[in-house]
Amino acid sequence: MTTVLDRFLRYVQYDTQSDETSSSYPSTATQLVLLRDLVDELHAIGLADAAIDEHGYVMATIPATTTKADVPVIGFIAHVDTSPEMPGERVRPIVHRRYDGTDIVLPDDPAAVLRLADNPALAEQIGHDIVTASGATLLGADDKAGVAEIVTAAAYLVSHPDVPHGAVRIAFTPDEEVGRGTKHFDVARFGARCAYTVDGGSLGEVEVESFSADAMTVTFHGFNTHPGYARGRMINAIKVAADFIHRLPDTEMSPETTEGHDGFVHPYVVQASVERTSVKLLIRDFQTAALKDKEAIVERLAREAATAHPGARVEIGVEESYRNMRDVLDRHPEVAAHAREAVRRAGLEVRNRLIRGGTDGSRLSFMGLPTPNLFAGEHNFHSRLEWVSVQDMEKAVEVIVHLCRIWASS
Ligand SMILES: [Zn+2]
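The text that follows walks through the structure, step by step, so that each part is easy to find. (Residues numbered from 1 in each chain as written. Predicted model: local features only at pLDDT ≥ 70, side-chain atom pairs only at ≥ 80, totals over all residues. Heavy atoms only, no water.)

1. Re the coordination of the zinc ion
For clarity, the cut-off: With water omitted from the atoms examined, metal sites may look incomplete; donors here are N, O and S atoms no farther than 2.8 Å from the metal, or 3.2 Å in the case of Na, K and Ca. Each label reflects the angles at the metal, where four donors whose angles all fall between 85 and 135 degrees are tetrahedral, four or six donors whose opposite pairs open beyond 155 degrees and whose other angles stay between 65 and 115 are square planar or octahedral respectively, and the rest are irregular. The secondary structure listing takes helices from DSSP runs of H or I that are at least 4 residues long and strands from runs of E that are at least 2 residues long, numbered from the N terminus. Partly exposed residues are those whose accessible area sits between 20% and 50% of the maximum for their type, while under 20% is buried and over 50% is exposed, using a 1.4 Å probe and protein chains only.
The coordination sphere of the zinc ion contains the protein donors His79 (NE2), Asp142 (OD), Asp199 (OD) and Asp199 (OD), at a distance range of 1.9 to 2.5 Å. What the four donor atoms of the zinc ion show is an angle range of 54 to 142° at the metal, which sorts the shape as irregular. Read N to C, the donor residues that coordinate the zinc ion are spaced as H-x62-D-x56-D. Of this pair, histidine 79 sits in strand β3 (residues 74–79) while aspartate 142 sits in helix α3 (residues 141–159), and the two are 63 residues apart along the sequence. The buried category is assigned to aspartate 142, whose relative accessible area is 5%.

2. Description of the layout of surface pockets
What counts here: With a 1 Å grid laid over protein atoms only, a set of points is called a cavity when a 1.4 Å probe fits there but cannot get out and a pocket when it is open yet has protein on both sides within 12 Å along at least five of seven lines; lining residues have an atom within 4 Å of a point. Grid points are joined across faces, edges and corners, and a volume is the space filled by probe spheres set on the points. Following the grouping adopted for this structure description, the nonpolar residues are Ala, Val, Leu, Ile, Met, Phe, Trp, Tyr, Cys and Pro, the charged ones are Asp, Glu, Lys and Arg, and the polar ones are all others, Gly among them.
Counted as a void, the largest pocket has a volume near 700 Å³. Lining the largest pocket are 23 residues, and of these Glu176, Glu177, Gly357, Gly358 and Thr359 lie nearest its centre. Among the elements of the structure, β9 (194–200), β14 (313–322), β15 (351–355) and α9 (360–366) are those that each provide at least two residues to the lining of the largest pocket. Split into classes, the residues belonging to the lining of the largest pocket amount to four nonpolar, 10 polar and nine charged. As for the second largest pocket, its lining consists of Met1, Thr2, Thr152, Tyr156, Val163, Val397, Glu398, Val401, His402 and Arg405. When contributions to the lining of the second largest pocket are tallied by element, the ones reaching two or more residues are α3 and α10 (390–409). For the lining of the second largest pocket, the leading source of residues is α10, giving five residues.

3. Overview of helix α5 (residues 237–247)
Note the cut-off: Think of the arc as the fan of directions from the helix axis to the C-beta atoms. For the purposes of these results, a polar contact is taken to be a pair of N or O atoms within 3.5 Å, where, inside protein, one atom must be able to donate a hydrogen and its partner to accept one; residues adjacent in sequence count only when each atom of the pair is a side-chain atom.
For α5, every residue scored as buried is listed here: Ala237, Val240, Ala241, Asp243 and Phe244. All buried residues of α5 project into a common sector of 155° when viewed along the axis, lining one side. Opposite the buried face of α5, at more than 90 degrees from it, the exposed residues are Lys239 and His246. Two to three positions downstream of the cap, the backbone nitrogen of isoleucine 238 sits 2.9 Å from a side-chain oxygen, assigning the N-cap of α5 to asparagine 236.

4. Concerning the pattern of salt bridges
Test applied: One speaks of a salt bridge when a side-chain nitrogen belonging to Lys or Arg is within 4 Å of a carboxyl oxygen belonging to Asp or Glu.
The full count for this structure, using the stated rule, is 25 salt bridges. We note a salt bridge from arginine 353 to glutamate 205, for which the minimum N-O separation is 3.4 Å. One end of the pair, arginine 353, is in strand β15; the other, glutamate 205, is in strand β10 (residues 205–210), and 148 residues separate them in sequence. Exposure remark for arginine 353: the relative accessible area of 40% places this residue in the partly exposed category. Connected through salt bridges with shared partners, the residues Asp243, Arg247, Arg300 and Glu304 form a single ionic network.

5. Describing the nonpolar core
Stated precisely, the cut-off is as follows: Joining through side-chain atoms within 4.5 Å is the link that ties buried Ala, Val, Leu, Ile, Met, Phe, Trp, Tyr and Cys residues into a set, and such a set is a nonpolar core. Here, residues are in contact when the closest pair of their heavy atoms is within 4.5 Å.
Core analysis: the largest hydrophobic core is formed by 71 residues, its most contacted members being Phe8, Leu42, Phe76, Ile170, Phe172 and Tyr196. Excluding anything up to four places from it in sequence, phenylalanine 76 contacts Ile150, Val168, Arg169, Ile170, Ala171, Phe190, Tyr196, Val198, Leu374, Ile400, Leu403 and Cys404. Grouped together as the second largest cluster of nonpolar side chains are 22 residues, Phe220, Ile235, Val240 and Phe244 included.

6. With respect to the sheet that holds strand β13 (residues 276–285)
Across a sheet, strands are paired by hydrogen bonds formed along the backbone, either parallel or antiparallel in direction. Rule in force here: Two strands pair under a simple rule: DSSP has to find at least two bridges between them. Interaxial angles span 0 to 180 degrees and are taken between N-to-C directions of axes, which are lines fitted to C-alpha atoms, for helices over the stretch in contact.
Read from one edge to the other, the open sheet built from four strands follows the order β12-β13-β11-β14, with strand pairing classed as antiparallel. Taken across any chain shown, the strands that pair with only one partner, and hence form the sheet edges, are β12 (264–271) and β14. Between one strand and the next, the sheet's axes are offset by a mean angle of 20°, whatever the strand orientation. Pairing analysis gives nine bridges linking strand β11 (residues 212–221) to β14, with the strands arranged antiparallel. Bridging from a neighbouring strand, alanine 215 pairs with glutamate 319 of β14. Along the sheet, α5 contacts β11, β12 and β13; its crossing angle with β13, the most-contacted strand, is approximately 20°.

7. Overview of empty space enclosed by the protein
Taken as a whole and judged by the stated rule, the model has one cavity of 30 Å³ or more. Around the largest cavity, the lining residues are Ile77, Ala78, His79, Asp143, Thr173, Glu176, Thr197, Asp199, Thr359, Asp360 and Asn373. Residue assignment for the lining of the largest cavity shows that the elements contributing at least two residues are β3 and β9. With three residues, β3 is the single largest residue contributor to the lining of the largest cavity. Here the lining of the largest cavity is composed, by residue class, of two nonpolar, five polar and four charged.

8. A look at the state of the cysteines
Cut-off, in case you're wondering: Any two cysteine sulfur atoms within 2.5 Å of one another count as a disulfide.
Following the criterion strictly, the structure yields zero disulfides and no others. There is no disulfide at cysteine 194, and the cysteine sulfur nearest it, in cysteine 404, is 10 Å away. You can call cysteine 194 buried: its relative accessible area is 0%.

9. A few points about unusual backbone geometry
Note: most residues except glycine have negative phi, and most peptide bonds are trans. Between tyrosine 25 and proline 26 the backbone carries a cis peptide bond, its omega angle lying at -5°. Residues aspartate 142 and aspartate 143 are joined by a peptide bond in cis, for which omega reads 10°. In this model, arginine 90 sits at a positive phi of 50°, which is unusual for a non-glycine residue. Of note, arginine 90 is situated in the loop between β3 and β4 (94–96).

10. Topic: the pairing of β13
Counting buried positions over the 10 residues of β13 gives eight, a clear majority of the element. With 10 bridges joining them, β11 and β13 adopt antiparallel strand pairing. When the bridges of β13 are listed, methionine 216 appears paired with leucine 281. Strand direction decides the pairing type here: β12 and β13, joined by seven bridges, are antiparallel.

11. Some details on the environment of alanine 111
Along the chain, the position of alanine 111 falls in the loop between β5 (104–105) and β6 (113–114). Expressed as a C-alpha distance, the spacing of alanine 111 and glycine 135, which sit 24 residues apart in the sequence, is 8.3 Å.

Below is the structure:
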């Protein structure tokens, strides 16, 4: 029987880095290599309808074993791509058996040391088997841990027809890390009432809340002329923008000073010239309605800055990014309740965590597929110090199997 660890070690050796500068879909062809091999593997474990579509999405069905009518179809989703922020080529996974709490020095970079002191989550892993990369690359547990867990749970269910469950859909997606994981996701074809992304951190986590997010662009228009003859004529948009940035909230409402349920306003890109300077800002809050309040503050400060520089002009654009999936999940309370019950049946404590960001589930929930996020066991995402515990991955497989049972019995 192939274990979740066997699968995980195999998947991480595929280079599946996505690329935000690419205009193709998926953003890199290398992702398709793993996606196509997953189709073959799903066929081999007995999922006859496994297929890849023209965008690279892999979908398959675990056929129902229950004879009960009206058991809802549920789904499990994981992404195959890894973050463009860190090399993902030639990943060399290392299994550290029976972790004893001492520092783990990664062989390819002596500066890459996994320390218990910096990683409180490691305290729960004493005696467990930890997988890391070798120090030169990320590991790719985000989200190949989720892929390995879903395939292993599928193989288990296929070989245990005595476990009663309804039809279960699975999907593997490209390009999550570049924000395009749901771009061509066909919710109708997936055909599930709800789904779970398996892409979270610590054991027992069930995530039902993400940020609501907008993107703002504040553009200041000045007037450029030869600086030697600019007296009384030049209006420097760079200085107007600097004035605006200086007026932004600093000790509150910024990423550096908030945590938990607090949202923020975050300038993150400036494109500057004397004639025209634009500032891009991320607007985040767990309360969707509160985004408007934050945007009103930004707009007021931008107009004040422009007014303080006679002749300058400001233009403000707001674009919706994604919404707190809780707005949808609250209308389908059984989706999260069953997930929590599955975690408890696996002998774990439920951890309800807020996602101070978005997930594919945030978008899918608003596309008609309520989709909270379950733990996969990933830690130190997008880092050369990324790690996952083998025992946590095994628990995630158990939770998936319990969830399938619970939906068939409720
Ligand atoms: Zn992920």
